[in-house]
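The residues making up each chain are set out below.
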Amino acid sequence: MSSERMTPLHVDVEVDSANYEEGFRQILGIIRPGWKGEDIKFKRIQQGMLNILVICYITEEPDDSAMLLRVIGALFAGHRDREREIAAVKLSGELDLGPKFYCSFKNGYGTGFFPGTTYGWDDDSLNAFRDDRMGRAVAKLLAKFHCKKTLAKSRESKMGKGIDIIAVAKDEMEKHWSKPMKNKELTEYFYEGLPSKEELLVEIDRLAVIRDEMNVEARMLHGDPNPTNIIFNEKTGKMVLVDYEFSGIGNPLLDLTWYLNFAAIGLYRADEDDEYHFGPEYVKSYVRAYLTELKRLDGEDPPTEREFERLYVMLLRFYMIFSLTISMFALPFLNSSLDRVPDPKQLMSSYRGRLLYYLKHKDRVFSMPTPQV
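Residues numbered from 1 in each chain as written. Predicted model: local features only at pLDDT ≥ 70, side-chain atom pairs only at ≥ 80, totals over all residues. Heavy atoms only, no water.

Caption draft 1: Geometry of the nonpolar core. In terms of nonpolar packing, the biggest core is built from 101 residues, with Trp177, Phe190, Tyr259, Leu260, Tyr290, Met328 and Tyr351 touching the most fellow members. With near-sequence residues (within four places) excluded, Tyr351 lies in contact with Phe190, Phe262, Leu267, Ile326, Ser327, Ala330, Phe333 and Leu334. One finds Val54, Cys56, Val71 and Tyr102 within the second-largest nonpolar core, a separate group that totals 20 residues. (Core = buried A, V, L, I, M, F, W, Y, C linked by side-chain atoms within 4.5 Å. Buried < 20%, exposed > 50% of the residue type's maximum accessible area, 1.4 Å probe, protein only. Contact = heavy atoms within 4.5 Å.)

Caption draft 2: Examining the pattern of salt bridges more closely. Following the criterion strictly, the structure yields 22 salt bridges and no others. Measuring nitrogen to oxygen at the nearest pair gives 3.7 Å for the salt bridge that ties Arg25 to Glu21. In this pair, Arg25 and Glu21 both sit in helix α1 (residues 20-31), four residues apart, roughly one turn of the helix. Overall, Glu21 belongs to the partly exposed group, its relative accessible area being 32%. Across the pair Asp205 and Lys170 runs a salt bridge whose closest N-O atoms are separated by 2.9 Å. One end of the pair, Asp205, is in helix α8 (residues 197-214); the other, Lys170, is in helix α6 (residues 165-176), with 35 residues separating them in the sequence. Classification of Asp205 by relative accessible area gives partly exposed; the value is 39%. Take Lys170: its relative accessible area is 27%, and that puts it in the partly exposed class. When salt bridges that share partners are traced, they join Lys148, Lys295, Glu300 and Glu307 into one network. (Salt bridge = Lys/Arg side-chain N within 4 Å of Asp/Glu carboxyl O. Helix = DSSP H or I, 4+ residues; strand = E, 2+ residues; numbered from the N terminus.)

Caption draft 3: Structural context of the packing of α8 against helix α11 (residues 305-329). α11 packs onto α8 with a crossing angle of 150° between their chain directions and a minimal axis gap of 11 Å. Judged by the angle between their axes, α8 and α11 are roughly antiparallel. Two packed elements cross with a definite hand, and for α8 against α11 that hand is left-handed. Along its contact with α8, which presents Leu200, Glu203, Ile204, Leu207, Ile210, Arg211 and Met214, the element α11 presents Arg310, Met314, Arg317, Phe318, Ile321, Leu324, Thr325 and Met328. Across the contact of α8 with α11, the residue classes tally to ten nonpolar, one polar and four charged. (Axes fitted to C-alpha atoms, helices over the stretch in contact; angles between N-to-C directions. Parallel < 35°, antiparallel > 145°, perpendicular 65-115°, else oblique. Left-handed = near helix turned anticlockwise from the far one by under 90°. Nonpolar A, V, L, I, M, F, W, Y, C, P; charged D, E, K, R; others polar.)

Caption draft 4: Expanded view of the confidence of the model for the protein chain. Per-residue confidence for the protein chain gives a mean pLDDT of 91, with 94% of residues at or over 70. Across the protein chain, element-level confidence peaks in helix α10 (residues 280-297) with a mean pLDDT of 98 and bottoms out in helix α12 (residues 331-337) with 82. Long-range and interchain partners of residues 1-5, a stretch whose pLDDT sits below 50, account for 15 contacts in this model, where long-range means more than four residues apart. (pLDDT = per-residue confidence, 0-100.)

Below you can see the structure in the form of structure tokens.
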């Protein structure tokens, strides 16, 4: 069945995240009027906990007539811009970086379906990304987001600034650090041996200076390229990204490190195991693929070895920034998720581990000289 042509529209429906099928049937009755409600099948494909992403279809298996409907969660609402998110979804569909946008509704939006493999936080999913061919594929996709053509299009669409993870981390830490969570035992475990709030505020201010000194040109960001937001079609070799809640114009190192960190650590890997983080050869291969593709898309000469080396060091520095700030950023997420995950201590462990990784390696990484070009 071929996909029906539709003009993007807004449907005045709010979907109950606990019972999304009823709301989705109302929406599909408008944007897919030929579908009978009793024939519609639903398959939840994203294993994240902030949003709901569901394939809706009437065929035996999802085909190009299927729809992806997303319900946007309320967590981090104060740090998100819904209009900017919808603009990013539309733009990514136009540029073939994500599924085509079809509609919005009160607390979400709908896009076309992209056939391919979806990933979760299980070891099998994360281990797929340890193959550096996957790393290079993600790097090339991010280069398409970051290229000058996409930046120009994003400015034409009045795209605003993306998330400032340092500012958000500082805000969340000032509100939540050292406060009791739902589980007293896990609260004590998470904070054991960690620096005080005052010490971490000093660290965060230092990271803002280090970031600004890198003086990286702003580009269009996806904002959350973690494994659960990646769909990969192995037959065609095409890869797209979904979930644009933190998208906008900003520092491209954020996208690059967000992928590296979450593809390696995920949500449940233990806090003391440095070996989970990708090694230098993986990261160098990733950097080389990204910068080569970015230069090609921007119509520039191929990168020099010095340019590769410079980006590699800058990426390691931003990885340190990300390791600390994502632990602060995640504080309300951790508290709200403790009664919804099978192993809440492992969830705590993965974010505690990011902070411990930062404390262990920060001096070494920040002392590395940045090659000049």
